[in-house]
Amino acid sequence: MLLETLDLRNNDILVYSQNLFNFNDSFKIIFKNEKLKRPRRISYFDVCAYVKDPSPKNLIIYRLLTNVDQLDAYSTKYGYFIKINNKAELIYFDPIFAIKDLRHLRFDLNPSRFRFKIQQVGLTSLTKKESEPNFAEVYCFDLKAVEAQSQNDKIFADAIFAFDENFTDSELPENIEPEKRNAVPNTIISSDSETALISKVKNISEDKGETKTSFQSPIPPDFNRVQDLREEIIVLLKQALGIPEGSSITPLQASQHIKTVIEDSKPELKVESIKKETKIDNAMDLFKTTENISPDEKQKFETKNVAPEVNNVFDLFKTTNKSDELTARGKDSIILKFD
């Protein structure tokens, strides 16, 4: 997943995950206006708080579709509910969470006949003020088997900060608040009863012969019930991991942290003063052309496989050739199965 806040002045952040079934190590946060920008570790529960916060943002998340009729999303354990185009929908922060959730989404279907899709979905906040965000869908496409197994959304962060001299990829191991460091155990939830069907993530392949099957997303409860269910799931996950209540940061606490960082920085080090023409500010400009950049910068761009002048994550898809690629990719139906 990737989350980037939009135009929050001193409080803009970028969060990405690395498709690890780990509630502590997979998620990283970068404070965009820090004097020295670098990834910091945050927990799954911190990410949930940022997603639910009503501030405007872009999101890249994952959607599960199956060939099971009327699959009830109520039994999800690793999914999260958000509002997309005014309707509640079950989404996942990483493909691996969707795959691991299949043993909890109860249905009666012969494993040999079970087929599914995992879609990458780009979302952006609608402008209407609400208690929590309502997103519009910008794009979606089916993941190939290798992508579902190895997708790492750190690539978006690498693209955004590729030309930023004040960014380092060296991670700080500590959490944002010193007193809460190591509050979330470095734990993976596992179970001896994990079914053979999904005991391994790397046993996924593409079903080239299946074309006519109808695929549907799990059906969520009523949105009023969704809000309570979301909190119940988080409480249960924390209990399973042995995490005390109140151990996660909140967006407000993060904002206060950023305010302190900015105030402590020298005035001449404001973000506007260090921008270069080729600096990438956020992830959606990445598919712009490489004209009018120096040979050294072009070599850096080609090495990193990114483009300059990115203003937000959805500018990644702005150029004609890349938007055409995305349109064509969106038409591909990629059906997955367990071997």
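Here the residue numbers are simple positions, counted from 1 along each chain's written sequence. A pLDDT threshold of at least 70 governs which residues receive local features in this predicted model, and a stricter bar of 80 or more applies before side-chain atom pairs are shown or counted, although totals over entire chains, interfaces and linings include all residues. Only heavy atoms go into the side-chain values, all of them from the structure, while hydrogens and water stay out.

This part is about helix α1 (residues 44-52). Accessibility here uses a 1.4 Å probe with only protein chains present; expressed as a share of the type maximum, an area under 20% marks a residue as buried, one over 50% as exposed, and anything in between as partly exposed. Strands here are runs of E lasting at least two residues and helices are runs of H or I lasting at least four, both read from the DSSP assignment and numbered beginning at the N terminus. Among the 9 residues of α1, 7 are classified as buried, and the element is accordingly described as predominantly covered. Among all positions of α1, only Tyr44, Phe45, Asp46, Val47, Cys48, Tyr50 and Val51 are buried. Under the rule applied, a polar contact is a pair of N or O atoms within 3.5 Å (in protein, one hydrogen donor and one hydrogen acceptor; residues adjacent in sequence only if both atoms are side-chain atoms). The N-capping residue of α1, defined by a side-chain oxygen 3.2 Å from the backbone nitrogen of phenylalanine 45, is serine 43.

What follows is about the confidence of the model for the protein. Here pLDDT means the predictor's own confidence in every residue, given as a number from 0 to 100. Per-residue confidence for the protein gives a mean pLDDT of 75; residues scoring 70 or more make up 65%. Taken element by element, the predicted model of the protein shows its lowest mean pLDDT in helix α7 (residues 271-274) (31) and its highest in strand β5 (residues 57-66) (96). Any two residues having at least one pair of non-hydrogen atoms within 4.5 Å are treated as being in contact. Across residues 175-188, confidence stays below pLDDT 50; counting only partners more than four residues off in sequence or on other chains, it has 35 contacts. Below pLDDT 50 for its whole length, residues 190-200 participates in 15 contacts with residues either more than four positions away or in separate chains.

The next point concerns the pattern of salt bridges. Salt bridges are counted wherever a side-chain nitrogen of Lys or Arg sits within 4 Å of a carboxyl oxygen of Asp or Glu. Per the stated rule, a full pass over the model turns up 14 salt bridges. Here glutamate 4 and lysine 32 are joined by a salt bridge, their closest N and O atoms 3.5 Å apart. Taken together, the residues span a long stretch of sequence, with glutamate 4 in strand β1 (residues 2-5) and lysine 32 in the loop between β3 (27-31) and β4 (40-42) at a distance of 28 residues. Lysine 32 shares its class with glutamate 4; the two are buried. Glutamate 34 is the salt-bridge partner of arginine 40, the closest N and O atoms lying 2.8 Å from each other. The class for arginine 40 is buried, based on a relative accessible area of 10%. Sharing partners across several salt bridges, the network here consists of Arg63, Glu89 and Glu137.

Here helix α5 (residues 223-241) spans 27 Å end to end across 19 residues, near enough to the 27 Å set by a 1.5 Å rise per residue. Every buried residue belonging to α5 is among Phe223, Val226, Leu229, Arg230, Ile233, Ile234, Leu237, Lys238 and Leu241, and all of these are buried. Put simply, aspartate 222 is the residue that caps the front of α5, since its side-chain oxygen is 3.0 Å from the backbone nitrogen of asparagine 224. Count one or two residues on from α5 and you reach glycine 242, which has phi positive near 70 degrees. Given the number of residues in a helix, its expected span is that number minus one, multiplied by 1.5 Å.

Turning next to the pairing of strand β7 (residues 87-91). For β7, the buried fraction is high: 4 of the 5 residues fall into the buried class. For strand β6 (residues 80-84) and β7, the ladder comprises 5 bridges, and the chain directions are antiparallel. Each bridged residue has a counterpart across the sheet, and for isoleucine 84 the counterpart in β7 is lysine 87. Strands are labelled as partners when DSSP assigns at least two bridges between them. Counting the residues in the hairpin turn of β6 and β7 gives 2 residues, including asparagine 85, whose phi is positive at 50 degrees.

This part takes up the pairing of strand β9 (residues 134-142). The pairing of β6 with β9 spans 2 bridges and is classified as parallel. Paired with isoleucine 84 across the two strands is phenylalanine 135, which belongs to β9. Here strand β8 (residues 116-125) pairs with β9 via 7 bridges, running antiparallel. Counterpart to threonine 124 in the pairing with β9 is alanine 136.

We now examine unusual backbone geometry. For glutamine 70, which is not glycine, the phi torsion reads 55 degrees and is therefore positive. Inspection of the secondary structure assignment puts glutamine 70 in the loop between β5 and β6. A positive phi angle, near 50 degrees, is found at asparagine 85, a position not held by glycine. For asparagine 85, the location among the structural elements is in the loop between β6 and β7. Taking the relative accessible area as the measure of exposure, asparagine 85 reaches 42% and is therefore partly exposed.

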